[in-house]
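# Fold and contact review
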Amino acid sequence: MVYSIIYKAVFELEEKGLGFIGAGNMAGAIINGIVGTKTFPAQKIYVYDINTEKSEALKKKAGIQSVPSLDELVKNCSILFLAVKPQNFSEVLADLKPFVNDRILFVSIAAGISTSYITRELGCNCPVIRTMPNTPLLVGKGATAMCKTANVADEDFQLVQSLFAACGTVTVLDEKQMNAVISVNSSSPAYVYLFAKAMMDSAVKQGIDAATALELICQTFEGSAEMLRQPGLTPESLIKMVSSPGGTTLKALDVFYAHHFEGIVDEAMKACTKRAEELGK
Ligand SMILES: NC(=O)c1ccc[n+]([C@@H]2O[C@H](COP(=O)([O-])OP(=O)(O)OC[C@H]3O[C@@H](n4cnc5c(N)ncnc54)[C@H](OP(=O)(O)O)[C@@H]3O)[C@@H](O)[C@H]2O)c1
């Protein structure tokens, strides 16, 4: 059933394509996922970037189309991805305003930018899907959160979900959760990399070479995440499972607790959300 709805939406789009404003890292990751999994035809994907070198490079890499102006993009596309930095939204929406109509579906990937900001700046009642993806989309293991305005058609929402699902998982949230979720799935790869770096640096100091340590750390992260997904297991029960009484793990955990590790994570995630709120103003 879902399959046929998606197929119908794709079929109806055959006349018009998917457009990307911004050919940066995230647009590239999403497009590679869509093209690599053949979720949408590459020749119907169009990209526009203020920096034509970037749109041309993406065209070459992914076999998509690049266009020289927003006007051209709107002519060719009925779904437009807003993939520029939040700081560039006001200029992009002002440039788009003369070309938009209420039938265009907008898909934003920007931190902090609300759906109401987009429709207000565009001066239209366009349907808008607000998403928060993450960089592991690049390896097909992304985690994307999304919400939509009430006027997004079910089949269009299914289609956009399928585009992100091509390179990972999709979770639907309320818009009021979309700033906080950045700290959970989107900025969080950076915390994981920081933790990995700290572990690797310590391993090197203790005489294990960096490459060997990194492989052990990556496998440990993957395995630990898999354990967290097992029914009935929780972070607390898994910590207990690792921590032998009188053993090594408890000594390591003592250091984390003494330095208020959980408090530090909470403070960092709240700082992330606060910045999203500032960017949205
Ligand atoms: N990176 C992440 O992990 C991540 C995760 C989730 C969501 N996001 C969101 O994704 C969006 C894009 O992030 P990104 O990391 O892909 O940024 P990026 O690599 O800087 O890509 C943005 C692209 O937009 C171009 N651009 C700037 N102004 C433009 C304009 N007026 N018209 C057309 N193109 C314009 C930029 O060109 P110049 O470089 O010349 O300015 C750049 O090529 C942001 O809103 C961010 O909040 C990022």
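These numbers were taken from a predicted model, which means no experiment stands behind them.

## A few points about the state of the cysteines
Throughout the structure, instances matching the rule amount to one disulfide. Across the disulfide, Cys124 is cross-linked to Cys126 (sulfur-sulfur distance 2.0 Å). The chirality of the disulfide connecting Cys124 with Cys126 is left-handed, given an S-S dihedral of about -130°. Cys77 provides the cysteine sulfur closest to Cys167, a residue in no disulfide bond, and the two sulfurs are 18 Å apart. What makes Cys167 buried here is its relative accessible area of 1%.

## Observations concerning the site of the ligand
Residues in contact with the ligand amount to 24 residues; listed here are only the nearest, Met26, Asp49, Lys54, Val84 and Lys85. Lys85 is positioned with one of its side-chain polar atoms (N or O) 2.8 Å from an oxygen atom of the ligand. Where the shell around the ligand is concerned, the elements lending two or more residues are helix 2 (25–36) and helix 5 (89–96). Split into classes, the residues belonging to the shell around the ligand amount to 13 nonpolar, seven polar and four charged.

## A few points about the sheet that holds strand 4 (residues 77–82)
If you trace the eight strands from one edge of the open sheet to the other, you get 3-2-1-4-5-6-7-8, paired in mixed fashion. The outermost strands of the open sheet, each flanked by one partner alone, are strand 3 (65–66) and strand 8 (168–172). In the sheet, strand 5 (residues 105–108) pairs with strand 6 (residues 128–132) via three bridges, with the strands oriented parallel. Opposite Ser108, over in strand 6, you have Arg130 as the bridge partner. Packing against the sheet, helix 2 makes contact with strand 1 (17–21), strand 2 (45–48) and strand 4, and its axis sits at approximately 160° to strand 1.

## A short note on the pattern of salt bridges
Applying the stated criterion to the full structure yields eight salt bridges. The partner of Lys75 in a salt bridge is Asp71, and the shortest N-O contact between them spans 3.7 Å. Residue Lys75 and its partner Asp71 are both found in helix 4 (residues 70–76); the two are separated by four residues, about one turn of the helix. Among the salt bridges present, the one from Asp201 reaches Lys197, with a minimum N-O distance of 2.7 Å. Of this pair, Asp201 and Lys197 both sit in helix 9 (residues 188–205), four residues apart, which is roughly one turn of that helix. The structure contains a network of salt bridges with shared partners spanning Asp71, Glu72 and Lys75.

## Some points on the UniProt feature "binding site: NADP(+)" (unreviewed entry) in the protein chain
In this numbering, the UniProt entry assigns the feature "binding site: NADP(+)" (unreviewed entry) to Ile21, Gly22, Ala23, Gly24, Asn25, Met26, Ala83, Val84, Lys85 and Pro86. Across 66 residues, the annotated set stays spatially compact, with a maximum C-alpha separation of 14.4 Å. Take Gly22: it is sitting in the loop between strand 1 and helix 2. Relative accessible area serves as the criterion here: at 4%, Gly22 is assigned to the buried category.

Thresholds applied
Residues numbered from 1 in each chain as written. Predicted model: local features only at pLDDT ≥ 70, side-chain atom pairs only at ≥ 80, totals over all residues. Heavy atoms only, no water. Disulfide = S-S within 2.5 Å. Buried < 20%, exposed > 50% of the residue type's maximum accessible area, 1.4 Å probe, protein only. Near = heavy atom within 4 Å. Polar contact = N/O pair within 3.5 Å; in protein donor to acceptor, adjacent residues only side chain to side chain. Helix = DSSP H or I, 4+ residues; strand = E, 2+ residues; numbered from the N terminus. Nonpolar A, V, L, I, M, F, W, Y, C, P; charged D, E, K, R; others polar. Pairing = 2+ DSSP bridges. Contact = heavy atoms within 4.5 Å. Axes fitted to C-alpha atoms, helices over the stretch in contact; angles between N-to-C directions. Salt bridge = Lys/Arg side-chain N within 4 Å of Asp/Glu carboxyl O. UniProt positions renumbered as here; feature names shortened; annotations may be inferred.

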